[in-house]
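# Descriptive analysis of the structure
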Amino acid sequence: MYHIDPGSPIPVYHQLAKQIELHILSGDLGDGDKLPSIRELASELRINPNTIAKTYGILERKGLVVSRKGRGVFVSIRGFDIDESRHELFTELTEEYLKKAGRLGLSDDDILDLLSSRLKGRK
Amino acid sequence: MVSLRGLSFDYGSKTILKDVSLELRRGETLMITGPNGAGKSTLLRLLAGVLLPTSGSLEYDIPEGTDPRSIMAYLPDSLSFYRSMTPEEAADFHSGLFGTPPADMEMVRKAGVDMDMPISQLSMGQRILVQLSIELSTGPDLILVDEVLHAVDPYLRGLLFRELIGVMEERDPTVVLVNLNFEEVANLVDRVIFLGSKGIVIDEPSDELRSKTMLVVAEKQPEGLSVVTGRRVLGIQQWVVYPLHGGELPDNASPMDMKGILGAFMEAEYEGQRTGTRGSA
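Our next topic: the nonpolar core. Core analysis: the biggest nonpolar cluster contains 82 residues, and Ile-20 of chain A together with Leu-262 of chain B have the highest contact counts within it. In terms of residue count, helix 5 (residues 154-171) of chain B provides more of this core than any other element does, eight residues in total. Excluding anything up to four places from it in sequence, Leu-262 of chain B contacts Met-31, Thr-33, Phe-182, Val-192, Phe-194, Ile-202 and Leu-209 of chain B.

Our next topic: a nonpolar patch on the surface. Residue and element names in this part refer to chain A. On the surface, a nonpolar cluster with roughly 340 Å² of combined accessible area is contributed by Tyr-97, Leu-98, Leu-114 and Leu-115. Mapped onto the nonpolar patch, the elements with two or more residues apiece are helix 4 (82-103) and helix 5 (108-122). Its relative accessible area of 35% is what places Tyr-97 among the partly exposed residues.

As a further point, take the packing of aromatic side chains. Using the criterion set out here, one finds three aromatic pairs over all chains in the structure. Judged by centre distance (5.3 Å) and plane angle (80°), the rings of Tyr-242 of chain B and Phe-265 of chain B are edge-to-face. Of the two residues, Tyr-242 of chain B sits in the loop between strand 12 (236-241) and strand 13 (253-255) while Phe-265 of chain B sits in helix 8 (residues 258-275), which places them 23 residues apart along the sequence. The residues Tyr-242 of chain B and Phe-265 of chain B share a single accessibility class, namely buried. Aromatic ring contacts, followed pair by pair, group Phe-194, Tyr-242 and Phe-265 of chain B into a single cluster. If you follow Arg-68 of chain A out to its NZ or CZ, it ends over the ring of Phe-74 of chain A, 4.7 Å from the centre.

What follows is about unusual backbone geometry. Residues and elements named next belong to chain B. In the segment running from Tyr-242 into Pro-243, the intervening peptide bond is cis, with an omega of -10°. Note that Pro-243 resides in the loop between strand 12 and strand 13. Despite not being glycine, Asn-252 shows a phi value in the positive range, around 55°. Relative to the helices and strands, Asn-252 is located in the loop between strand 12 and strand 13. Take Asn-252: its relative accessible area is 57%, and that puts it in the exposed class.

Turning our attention to the sheet that holds strand 11 (residues 227-233) of chain B. Residue and element names in this part refer to chain B. Sheet architecture is open: four strands sit in the order 11-12-10-13, paired in antiparallel fashion. Only two strands of the sheet have a single neighbouring strand rather than two, namely strand 11 and strand 13. Each adjacent strand pair in this sheet contributes to an overall mean axis angle of 25°, direction not counted.

Frequently, the measure chosen for interface size is the accessible area removed from exposure when the parts meet. Of the residues lining the interface, 22 residues belong to chain B; the matching set on chain A comes to 18 residues. At the boundary of chain B with chain A, total buried surface from both sides reaches about 1,700 Å², with 51% on carbon and sulfur atoms. When the buried area of chain B at its contact with chain A is split by residue, Ile-165, Glu-169 and Asn-187 of chain B rank highest and sum to 32% of it. Across the chain B-chain A interface, the total number found is four salt bridges.

Calculation criteria
- Residues numbered from 1 in each chain as written.
- Chains lettered and ligands numbered in written order.
- Predicted model: local features only at pLDDT ≥ 70, side-chain atom pairs only at ≥ 80, totals over all residues.
- Heavy atoms only, no water.
- Core = buried A, V, L, I, M, F, W, Y, C linked by side-chain atoms within 4.5 Å.
- Buried < 20%, exposed > 50% of the residue type's maximum accessible area, 1.4 Å probe, protein only.
- Helix = DSSP H or I, 4+ residues; strand = E, 2+ residues; numbered from the N terminus.
- Contact = heavy atoms within 4.5 Å.
- Patch = residues over 30% accessible without salt bridge, like charges linked within 9 Å, V, L, I, M, F, W, Y side chains within 5 Å.
- Areas by Shrake-Rupley, 256 points an atom, 1.4 Å probe, with all protein chains shown as cover.
- Salt bridge = Lys/Arg side-chain N within 4 Å of Asp/Glu carboxyl O.
- Phe/Tyr/Trp six-rings, centres within 6.5 Å; stacked < 30°, edge-to-face > 60°.
- Lys NZ or Arg CZ within 6 Å of the ring centre and 35° of its normal.
- Pairing = 2+ DSSP bridges.
- Axes fitted to C-alpha atoms, helices over the stretch in contact; angles between N-to-C directions.
- Buried area = accessible area lost by both parts, 1.4 Å probe.

Structure (structure tokens):
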């Protein structure tokens, strides 16, 4: 369910927070769903428990989850602007895509042509 | 948790460790790695109090009058642990020594260990599992694990890490793992120490180490950068660069995983031994 890229210079807690955020934004994890306990997730992924705690801390500060003492960490997106977050995430993905396209030497026109033909193809 | 100052250890006329200073903080998980013969296990034995340093000092941050051994779990590379007892007898005996409840041995049972068999008759992997279960049951604040996990099959190793992670989550102890299988513990450790033949080569938080080390593809050695090692792979000249300083990013640089990074330092150690110089600039 979660994958840590060992070659990525991005710290593990950020990688993980990003993936959980994606699960929430895509609806795989719904409002009120319980996240695995720190111990469970740490054991499953063989990650330092402190790293998982950090991950959950990031998600909590973002307002995507709440931690209830003694009960665990729950998805909580009431009052959260989910559209804005989706937009942010999509912007990030687009930046990444453009960077890669640039490395392949594609021009802006190449990118636009390809995108519009793919979009037409989907209809 | 433990302060090591100017620690040296001689074995006969041979110097194994020279002037090692380290600060092990509460709650951190360290990996000590490096080539064979650099003194990793010796360092761990000194931490465990099994060996005494030739010079220098070790200080444990524990209440006055506490025996440091009562707060630690130590898994040495040679297992001579309660050989003639069965796992349960050993658990009872050990709990008697430390005045703690006996290990529940759930993991040991799960691993299919014959509980009526003396420990000396168990397989290597099973013995390690029994010893770790018992050692961890005393609620240690300092956990020292030598390079023993290679003798344990992947399934048992999974159980072992589960047990260790459980204790880490519960008690936030200081954990020191001597390890050569970097990938396996890459996300478990938050600090990496590479012990070379001349002492400590790296002592970095894992995230820092990953962000400060890059692989650079270039025909000539990159100027103004500190190179760990250079090599030709499939006809392409590569350089491993460390440490990069604040935001420096050379052309044609790509990040490396822990295995690649530590492999490069290992290479540099052996290169250095061959040419009589240090591999790093």
